[in-house]
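Below, each chain spelled out in residue letters.
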Amino acid sequence: MAPLNDSLTSIIDDIESKPLGVSPTKSILQSNCFTLSQGTLRAKDSSPILFDVPQNLTFTPFSSHAISTDAPLPVLQRVQANAHKGGFLGFTQESPSDLLTNSMGRFENRDFLSIFRFKTWWSTAWIGKSGSDLQTETQWVMLKIPEIDSYVVIIPIIERSFRASLNPGENGNVLITAESGSTKVKESSFNSIAYIHICDSPYNLMRESFSALRVHMNTFKLLEEKKLPNIVDKFGWCTWDASYLTVDPATIWTGVKEFEDGGICPKFVIIDDGWQSINFDGEEVDKDAENLVLGGEQMTARLHSFKEAKKFRNYKGGSFLASDASHFDPLKPKKIIYKATERIQAIILKRKLIAESGEQDLSELDEKIKTLSEELNAMFDDVQKEESLGSESSGMEAFIRDLRLRFKGLDDIYVWHALCGAWGGVRPETMTHLQAKVVPLDLSPGLLTMMTDLAVVKIAEGGIGLVHPSKASILS
């Protein structure tokens, strides 16, 4: 559909004038369910939703906003029918900034359900009764309004280059924070930085709200518009919890075989972190980092080649087909993980003793760490010897081919990689054609309030090797 640029009412009227082969629905103009007057945001002219709303906060009905959308007709008609139930909140401040926080007013003694980011990449549910009970980085909050048998949702959204979140304030206040993520991108005024909607059913509330946002933002599609991939009906296996960074051809092969022996062969496999060619700043540019085991050790490493890691490159085509990887000890990954965990615990204990008591004579603990490191390296040497069997070296391609030949029920095989190549991005001095540069980063105030995340800590510590924007398509 060609981009449209008119009010929603005009859009529907225009659609109705064309023979689209569907039953047209005449729009019915209704007064909006929300009113903002004298510092109180009310629903259905009676029930207060937010008190003490500051004068610089605005409410505008959904129907008053011009849109440009490719939403299908049924979605447009549904949004038109419910347009009176929602609208947008905005605010204006005196000085432009890349990070702005504004009160939205307060609520108390209202049961709410919300979703908030407790880690950079993870969200979970939270409940409470007042604006002060919210968690930082709340993505939406649903309020129960029993006196009118309704529910109201407030959803912070994206306006221009700013994304928003809700945060707790004092005395029941709800704060909205808008940030661009760049000190070079600043604004002082927003018209639609959050969306508010009302409905008598919490389930229909979410469906109607996100339908309205789908039309308004035109940056995503609803589930009803999408075709589910076949993978959702298949049982699959991800290698991460079984082997962490020790993943290699033998652990994958024996893992799939154990499922088969148990009577359930996975339809797809995800080869998780540990298969890529990564190393650390200061190491030989074309040599893989060795003997990585636990998540966290690889966070400052950078991608130095698009080729698979040496442990996959060394796979000999056909070797596992003949032996069914019978030479491999299926308990070996667990033994390596346990040994690595023991070593890490000893290192943590050493740091703790130094920090708490300033103790310097830790020779006994140093000797333990040295012994555990040597034992761990020896276990890796044994694995590498086992995987040198065979005659024809063909790497990951040969391994995937053999895996499919052996396990006929395996439909798909995927590999994981970080958005920027590896956790620490790309190593600039290796893949020079990508024109990568290590970029330092600062965490936003919202991220600083979240649960500590080792990945974020390490990335902030080492920076990210970002490819030049003109070369990003090569990385994708």
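Residues numbered from 1 in each chain as written. Predicted model: local features only at pLDDT ≥ 70, side-chain atom pairs only at ≥ 80, totals over all residues. Heavy atoms only, no water.

As recorded in an unreviewed UniProt entry, the protein goes by the name Galactinol--sucrose galactosyltransferase 4, listed as coming from Cardamine amara subsp. amara. In its Sequence similarities (unreviewed entry) section, the UniProt entry covering the protein states "Belongs to the glycosyl hydrolases 36 family." The UniProt entry for the protein carries the following comment under Function (unreviewed entry): "Transglycosidase operating by a ping-pong reaction mechanism. Involved in the synthesis of raffinose, a major soluble carbohydrate in seeds, roots and tubers." (UniProt positions renumbered as here; feature names shortened; annotations may be inferred.)

A. Fine view of the pattern of salt bridges. Counting across every chain of the model gives 27 salt bridges. The partner of Asp-411 in a salt bridge is Lys-234, with the nearest N and O atoms 3.2 Å apart. Taken together, the residues span a long stretch of sequence, with Asp-411 in the loop between helix H10 (395-406) and strand E21 (412-415) and Lys-234 in the loop between helix H3 (202-217) and strand E15 (236-238) at a distance of 177 residues. With a relative accessible area of 33%, Asp-411 lands in the partly exposed category. Relative accessible area serves as the criterion here: at 26%, Lys-234 is assigned to the partly exposed category. Measuring nitrogen to oxygen at the nearest pair gives 3.8 Å for the salt bridge that ties Lys-458 to Glu-461. Of the two residues, Lys-458 and Glu-461 both sit in helix H12 (residues 454-462), three residues apart, roughly one turn of that helix. Linked by salt bridges that have partners in common, Asp-70, Arg-214, Lys-221 and Glu-225 make up one network. (Salt bridge = Lys/Arg side-chain N within 4 Å of Asp/Glu carboxyl O. Helix = DSSP H or I, 4+ residues; strand = E, 2+ residues; numbered from the N terminus. Buried < 20%, exposed > 50% of the residue type's maximum accessible area, 1.4 Å probe, protein only.)

B. Fine view of the packing of helix H2 (residues 73-81) against H3. Packing of H2 against H3 brings their axes to within 9 Å, and their N-to-C directions diverge by 115°. The angle between the axes of H2 and H3 places the two elements in the roughly perpendicular class. The way H2 lies across H3 gives a crossing that is left-handed. Facing Val-75, Leu-76, Arg-78 and Val-79 of H2, the residues of H3 in contact are Arg-207, Ser-211, Ala-212, Arg-214 and Val-215. Class assignment for the residues of the contact of H2 with H3 results in five nonpolar, one polar and three charged. (Axes fitted to C-alpha atoms, helices over the stretch in contact; angles between N-to-C directions. Parallel < 35°, antiparallel > 145°, perpendicular 65-115°, else oblique. Left-handed = near helix turned anticlockwise from the far one by under 90°. Contact = heavy atoms within 4.5 Å. Nonpolar A, V, L, I, M, F, W, Y, C, P; charged D, E, K, R; others polar.)

C. Spatial organisation of the packing of aromatic side chains. In the structure shown here, the tally under the stated rule is 20 aromatic pairs. For the pair Phe-312 and Phe-399, a centre-to-centre distance of 6.3 Å together with 65° between the ring planes defines the contact as edge-to-face. Linking Phe-312 in helix H6 (residues 310-313) with Phe-399 in helix H10, this pair joins segments that are 87 residues apart in sequence. Per residue, the accessibility class of Phe-312 equals that of Phe-399, and both read buried. Geometrically, the ring pair formed by Tyr-315 and Phe-320 is edge-to-face, given 5.0 Å between the ring centres and 85° between the ring planes. Exposure remark for Phe-320: the relative accessible area of 3% places this residue in the buried category. (Phe/Tyr/Trp six-rings, centres within 6.5 Å; stacked < 30°, edge-to-face > 60°.)

D. Local environment of H3. Between the first and last C-alpha of H3 there are 22 Å, a value that for 16 residues agrees with the 22 Å anticipated at 1.5 Å per step. Those residues of H3 that fall on the buried side of the exposure criterion are Leu-205, Met-206, Glu-208, Ser-209, Ser-211, Ala-212, Leu-213, Arg-214, Val-215 and His-216. Directly beyond the C-terminal end of H3, a positive phi value near 55° is found at Asn-218. (Expected span 1.5 Å × (residues − 1).)

E. Highlighting the confidence of the model for the protein. Per-residue pLDDT for the protein has a mean of 88; in total, 91% of the residues score no lower than 70. Note that residues 1-27 has pLDDT below 50 and, in this model, 46 contacts with residues that lie over four places away or in other chains. (pLDDT = per-residue confidence, 0-100.)

F. Geometry of unusual backbone geometry. We note that Asp-52 has phi near 50°; this positive angle belongs to a residue other than glycine. The topology assignment puts Asp-52 in the loop between strand E3 (47-50) and strand E4 (57-61). The backbone of Arg-160 shows a phi angle near 55°, a positive value even though the residue is not glycine. For Arg-160, the position within the fold is in the loop between strand E11 (158-159) and strand E12 (162-168).

G. Structural view of the packing of helix H5 (residues 249-261) against H10. Running from amino to carboxyl end, H5 crosses H10 at an angle of 15°, the nearest separation of the two axes being 11 Å. The orientation of H5 with respect to H10, classified from their angle, is roughly parallel. In this structure, H5 meets H10 at a crossing whose hand is right-handed. Taken together, the residues of H10 that come into contact with H5 (itself represented by Pro-249, Ile-252, Trp-253, Lys-257 and Glu-260) are Phe-399, Asp-402, Leu-403 and Arg-406. The class makeup of the residues in the contact of H5 with H10 is five nonpolar, no polar and four charged.

H. Structural detail: the side chain of Ser-305. Looking at the secondary structure, you find Ser-305 in strand E18 (residues 302-308). A polar contact of 3.0 Å, which involves the side chain of Ser-305, links it to the backbone nitrogen of Lys-307. Those residues within four positions of Ser-305 in sequence are excluded, and the remaining contacts are Ser-277 and Met-431. (Polar contact = N/O pair within 3.5 Å; in protein donor to acceptor, adjacent residues only side chain to side chain.)

I. Spotlight on the environment of Asn-291. Relative to the elements of secondary structure, Asn-291 occurs in the loop between strand E17 (276-279) and E18. Of the polar contacts made by the side chain of Asn-291, one reaches the side chain of Asn-377; its length is 2.6 Å.

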